[in-house]
Amino acid sequence: MTTEQKYIKNLFKNYMLPPDKIPLIVSNTILAGYFFGDGGLAVVSFLMPVFFLFETVGFWINYGAFAKSIEAVSKNETQQARAYSLLALISSIIFGVILSIIVILRFQNLIELLGIPEGLHQLAEDYGIAMAISGIFLIIASYCWQFVKMIGLQAKIRKIYVLIMLVDALVAIICIKIFNLGIIALPIGMRSEERRVRKE
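1. Side note on the nonpolar core
The nonpolar side chains of a soluble globular protein tend to be buried with one another.
Now for step 1: Formed by 30 residues in total, the largest nonpolar core has its most connected members in Val 43, Leu 47, Phe 54, Val 103, Tyr 127 and Leu 186.
Now for step 2: At the level of secondary structure, the elements contributing two or more residues to this core comprise helix H2 (21–46), helix H3 (48–74), helix H4 (78–105), helix H5 (107–114), helix H6 (121–133), helix H7 (135–148), helix H8 (154–177) and helix H9 (185–199).
Now for step 3: The biggest single contributor to this core is H3, with 6 residues.
Now for step 4: Aside from chain neighbours lying at most four places away, what touches Leu 47 is Phe 107, Leu 114, Ile 116, Ala 124, Tyr 127, Gly 128 and Met 131.
Now for step 5: Counting residues in hydrophobic clusters, the runner-up holds 8 residues, among them Phe 66, Ala 88, Ile 140 and Tyr 143.

2. So, H7
Now for step 1: Over its 14 residues, H7 extends 21 Å from the first C-alpha to the last, a length consistent with the 20 Å expected when each residue adds 1.5 Å.
Now for step 2: Within H7, 13 of the 14 residues are buried, which leaves it mostly tucked inside the rest of the structure.

3. Description of the packing of H4 against H7
Between two packed helices, the angle of one axis relative to the other and the distance separating the axes together describe the packing.
Now for step 1: Following both chains from N to C, one finds H4 and H7 inclined at 160 degrees, their axes separated by 8 Å at the closest point. Comparing the axis directions of H4 and H7 gives the class roughly antiparallel. Regarding H4 and H7, the two cross each other, and that crossing is right-handed. Note on element contacts: H7 touches H4 through Gly 135, Ile 136, Ile 139, Ile 140, Tyr 143 and Phe 147, opposite Ser 85, Ala 88, Leu 89, Ser 92, Ile 93, Phe 95, Gly 96, Val 97 and Ser 100.
Now for step 2: Residues that form the contact of H4 with H7 fall into these classes: 10 nonpolar, 5 polar and no charged.

4. Notes on the confidence of the model for the protein chain
Now for step 1: For the protein chain, per-residue confidence averages 80 on the pLDDT scale, and residues scoring 70 or more make up 72% of the total.
Now for step 2: With pLDDT under 50 throughout, residues 193–200 is counted as low confidence; its partners more than four residues away or in other chains account for 17 contacts.

5. Quick word on the packing of aromatic side chains
Now for step 1: Summed over the entire model, instances satisfying the criterion amount to 5 aromatic pairs.
Now for step 2: Arranged with centres 5.0 Å apart and planes meeting at 85 degrees, the rings of Tyr 34 and Phe 35 form a pair that is edge-to-face.
Now for step 3: Between Phe 51 and Phe 52, the ring centres sit 5.2 Å apart and the planes meet at 85 degrees, which makes this aromatic pair edge-to-face.
Now for step 4: Taking the relative accessible area as the measure of exposure, Phe 51 reaches 2% and is therefore buried.
Now for step 5: Put simply, the rings of Phe 59, Tyr 63 and Phe 66 touch in pairs and so form one group of aromatic residues.

6. Overview of the environment of Ile 188
Now for step 1: Along the chain, the position of Ile 188 falls in helix H9.
Now for step 2: For the pair formed by Ile 188 and Tyr 127, sequence separation is 61 residues and the distance between their alpha carbons is 10.0 Å.
Now for step 3: Not counting residues within four places of it along the chain, the set of residues in contact with Ile 188 comprises Val 171, Cys 175 and Leu 181.

7. Some thoughts on the side chain of Asn 62
Now for step 1: Along the chain, the position of Asn 62 falls in helix H3.
Now for step 2: A relative accessible area of 0% means that Asn 62 is categorised as buried.

8. Thoughts on the pattern of salt bridges
Now for step 1: This structure, assessed with the given rule, holds 2 salt bridges.
Now for step 2: Glu 71 serves as the salt-bridge partner of Lys 68, at 3.3 Å between the closest nitrogen and oxygen. Of this pair, Lys 68 and Glu 71 both sit in helix H3, separated by 3 residues, roughly a single helical turn.
Now for step 3: Judged by its relative accessible area of 37%, Lys 68 falls in the partly exposed class.
Now for step 4: Judged by relative accessible area, which is 35%, Glu 71 ranks as partly exposed.
Now for step 5: For Lys 75, the salt bridge identified is with Glu 71, shortest N-O distance 3.3 Å.
Now for step 6: Ionic contacts of the salt-bridge type, sharing partners, join the residues Lys 68, Glu 71 and Lys 75 into one network.

9. A short note on the packing of H3 against H7
Now for step 1: Between H3 and H7, the shortest axis-to-axis distance is 8 Å and the interhelical angle comes to 30 degrees. What the angle tells us is that H3 and H7 run roughly parallel. As for how H3 packs across H7, the hand of that crossing is right-handed. Along its contact with H3, which presents Phe 51, Phe 54, Glu 55, Val 57, Gly 58, Phe 59, Asn 62, Tyr 63, Ala 65, Phe 66 and Ser 69, the element H7 presents Gly 135, Ile 136, Leu 138, Ile 139, Ser 142, Tyr 143, Gln 146 and Phe 147.
Now for step 2: Of the residues that constitute the contact of H3 with H7, the class distribution is 12 nonpolar, 6 polar and 1 charged.

Cut-offs used in this document
- Residues numbered from 1 in each chain as written.
- Predicted model: local features only at pLDDT ≥ 70, side-chain atom pairs only at ≥ 80, totals over all residues.
- Heavy atoms only, no water.
- Core = buried A, V, L, I, M, F, W, Y, C linked by side-chain atoms within 4.5 Å.
- Buried < 20%, exposed > 50% of the residue type's maximum accessible area, 1.4 Å probe, protein only.
- Helix = DSSP H or I, 4+ residues; strand = E, 2+ residues; numbered from the N terminus.
- Contact = heavy atoms within 4.5 Å.
- Expected span 1.5 Å × (residues − 1).
- Axes fitted to C-alpha atoms, helices over the stretch in contact; angles between N-to-C directions.
- Parallel < 35°, antiparallel > 145°, perpendicular 65-115°, else oblique.
- Left-handed = near helix turned anticlockwise from the far one by under 90°.
- Nonpolar A, V, L, I, M, F, W, Y, C, P; charged D, E, K, R; others polar.
- pLDDT = per-residue confidence, 0-100.
- Phe/Tyr/Trp six-rings, centres within 6.5 Å; stacked < 30°, edge-to-face > 60°.
- Salt bridge = Lys/Arg side-chain N within 4 Å of Asp/Glu carboxyl O.

Below you can see the structure in the form of structure tokens.
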């Protein structure tokens with residue numbers, strides 16, 4: 001492998017693959033199938049577009065602000081870069097709340113739109129409403145992921161995500177087995193992981 005190929009490979013790995021997909025696969029797919037069988041796995045699969053709706057909004061807000069911040073830093077306009085960062089955080093919170101409310105209020109329409117079988121409606125509602133309520137944390141996690149790249153800590157964040165993937169799974173299992181929260185435990189586990197990332 002040439003030096004150029006290694007550079008492109010590392011660039012793709014560090015900047016183009018968000019690490020928050022790892023706990024998504026573990027918590028929302030493997031655990032759903034293990035604890036809730038075919039029904040749980042089907043619900044998670046059907047509602048994956050809702051998850052990616054929050055992901056897309058978070059990326060749309062924060063990647064744009066990140067690009068403008070980088071441009072400001074290159075011109076030694078530190079205050080302007082901070083302004084873009086603050087705007088991204090405020091926008092993430094506002095759009096996260098608005099999007100969560102819309103998804104909750106129109107969730108029955110989403111169930112019909114996504115073609116979820118009638119027998120899975122209650123399971124889908126439990127999981128989907130819990131995901132929508134905590135969707136704001138998903139958007140803010142996108143904010144954290146974008147802006148840590150400005151200070152060169154993306155590799156550290158990736159390691160943190162891999163470590164707390166286990167915490168994510170453990171929280172979800174405890175909520176399912178001890179507190180009997182059912183499938184809503186999966187979004188709870190993921191949100192606990194995202195809050196820890198923000199603290200790091």
